[in-house]
Amino acid sequence: MAGATMSRDVDRAAVYAAEDQWSAAIDRGGVIDFFGSRLQLPVQTRFGSLPAVQQYVENLVTMYPDIPPVSARHRRGDTRAHYSNGVIAIPMAATWACRESVLLHEFGHHLNSGSCEGSHAPQPAHGPRFRALMVELVGRAQTLESALLLRSCFESKGLVVPAHVD
Ligand SMILES: [Zn+2]
């Protein structure tokens, strides 16, 4: 996403790379070895229609009492998904875009931009605050094990994930 007051988004490529790793793991799901421990991962949902996507993001909204609604629309072309002003745009023709991990990422922008207003200083779109919100979101929407894996994927790319979101 972009905004007039956004800081330089220097972590974007590393965030995408970390999330690609995590997404590949939850494509398969099941038990993985995690630093010598067994971690049980969920299998991420894939969405075949826009109404299914809309239903999913509406369910996410219900997990956060104070955030505005979000809607989903089709995005033309085989490009990345995008978030702006309460609208998640998904290229439904691209099979990768219909994954749960993509929707969680875009919803993370919804959480981040909403809270960037008011007392929060402008933040990079994929900066530490976004990552903390994303990890917390995955813990709510999926499982704590999936959130733990995502956090470790971020950290393996040298990306700091604050323990708490302000
Ligand atoms: Zn993004």
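Everything here concerns the structure above.
The notes below deal with the structure included here. This structure is a prediction, so every number in the text was calculated from the model and none was measured.

### So, the overall build of the protein chain
Scanning the protein chain from terminus to terminus reveals five helices and five strands. Ordering the α and β elements of the protein chain from the N terminus gives α-β-β-α-β-β-β-α-α-α. Of the contacts made within the protein chain by residues no fewer than 6 positions apart, 57% connect residues no fewer than 24 positions apart. As displayed, the protein chain offers around 8500 Å² of accessible surface, 53% of which is attributable to carbon and sulfur atoms.

### Quick look at the coordination of the zinc ion
Taken together, His105 (NE2), His109 (NE2) and His126 (NE2) make up the protein donors of the zinc ion, found 2.0 to 2.1 Å from the metal. Sequence spacing of the donors to the zinc ion: H-x3-H-x16-H. A residue pair is termed long-range when its members are at least 10 positions apart, and His105 in helix 3 (residues 100-116) and His126 in the loop between helix 3 and helix 4 (128-141) qualify at 21 residues. His126 carries the same exposure label as His105, and that label is buried.

### Here's the deal with the sheet that holds strand 3 (residues 71-74)
Strands sit in the order 3-5-4 across an open sheet of three strands; the sheet is mixed. The open sheet terminates on both sides in strands that have one partner only, identified here as strand 3 and strand 4 (82-84). The average angle at which neighbouring strand axes cross in this sheet is 25 degrees, direction not considered. Bridge analysis of strand 3 against strand 5 (residues 87-90) gives four bridges, and the strand direction is parallel. Looking at the pairing, Ala72 lines up with Ile88 of strand 5. Sheet contacts for helix 2 (residues 50-62): strand 3 and strand 5; angle to strand 3, the most-contacted strand, approximately 160 degrees.

### Some words on the packing of aromatic side chains
Each aromatic ring pair is characterised by the separation of its centres together with the angle its planes make. Counted under the stated rule, the structure contains three aromatic pairs. Aromatic side chains Phe34 and Phe35 sit 4.9 Å apart centroid to centroid with 75 degrees between the ring planes, which places their arrangement in the edge-to-face category. Under the relative-accessibility criterion, Phe34 is labelled buried at 13%. Arranged with centres 5.1 Å apart and planes meeting at 55 degrees, the rings of Phe47 and Tyr56 form a pair that is tilted. Across this residue pair, the class does not change: Phe47 and Tyr56 are buried. Lying across the ring of Tyr16, Arg80 places its NZ or CZ 4.0 Å from the centre. For the cation-ring pair, Arg140 lies above Tyr64, with the distance from its terminal atom to the ring centre recorded as 4.1 Å.

### Considering the packing of helix 1 (residues 12-28) against helix 5 (residues 144-156)
Viewed as axis vectors pointing N to C, helix 1 and helix 5 meet at an angle of 145 degrees, and their least axial separation amounts to 8 Å. Remark: the crossing between helix 1 and helix 5 carries right-handed chirality. Touching Val15, Ala18, Glu19, Gln21, Trp22, Ala25 and Ile26 of helix 1 are Ser146, Leu149, Leu150, Cys153, Phe154 and Ser156, all from helix 5. Of the residues assigned to the contact of helix 1 with helix 5, the class counts are nine nonpolar, three polar and one charged.

### Re the pattern of salt bridges
For the coordinates displayed, the defined rule picks out five salt bridges. Arg99 is paired through a salt bridge with Asp27; the nearest N and O atoms lie 3.0 Å apart. Residue Arg99 is found in the loop between strand 5 and helix 3, and its partner Asp27 is found in helix 1; the two are separated by 72 residues along the sequence. Relative accessible area serves as the criterion here: at 14%, Arg99 is assigned to the buried category. Put simply, Arg151 and Glu155 hold a salt bridge, and the shortest N to O gap is 3.8 Å. You can see Arg151 and its partner Glu155 sitting in helix 5, four residues apart, about one turn around the helix. Looking at Arg151, the relative accessible area reads 23%, which means it is partly exposed. With a relative accessible area of 43%, Glu155 lands in the partly exposed category.

Cut-offs applied
Residues numbered from 1 in each chain as written. Predicted model: local features only at pLDDT ≥ 70, side-chain atom pairs only at ≥ 80, totals over all residues. Heavy atoms only, no water. Helix = DSSP H or I, 4+ residues; strand = E, 2+ residues; numbered from the N terminus. Contact = heavy atoms within 4.5 Å. Areas by Shrake-Rupley, 256 points an atom, 1.4 Å probe, with all protein chains shown as cover. Donors = N, O, S within 2.8 Å, 3.2 Å for Na, K, Ca; no water. Buried < 20%, exposed > 50% of the residue type's maximum accessible area, 1.4 Å probe, protein only. Pairing = 2+ DSSP bridges. Axes fitted to C-alpha atoms, helices over the stretch in contact; angles between N-to-C directions. Phe/Tyr/Trp six-rings, centres within 6.5 Å; stacked < 30°, edge-to-face > 60°. Lys NZ or Arg CZ within 6 Å of the ring centre and 35° of its normal. Left-handed = near helix turned anticlockwise from the far one by under 90°. Nonpolar A, V, L, I, M, F, W, Y, C, P; charged D, E, K, R; others polar. Salt bridge = Lys/Arg side-chain N within 4 Å of Asp/Glu carboxyl O.

Remember, this is a structural readout, not a statement about activity or role.
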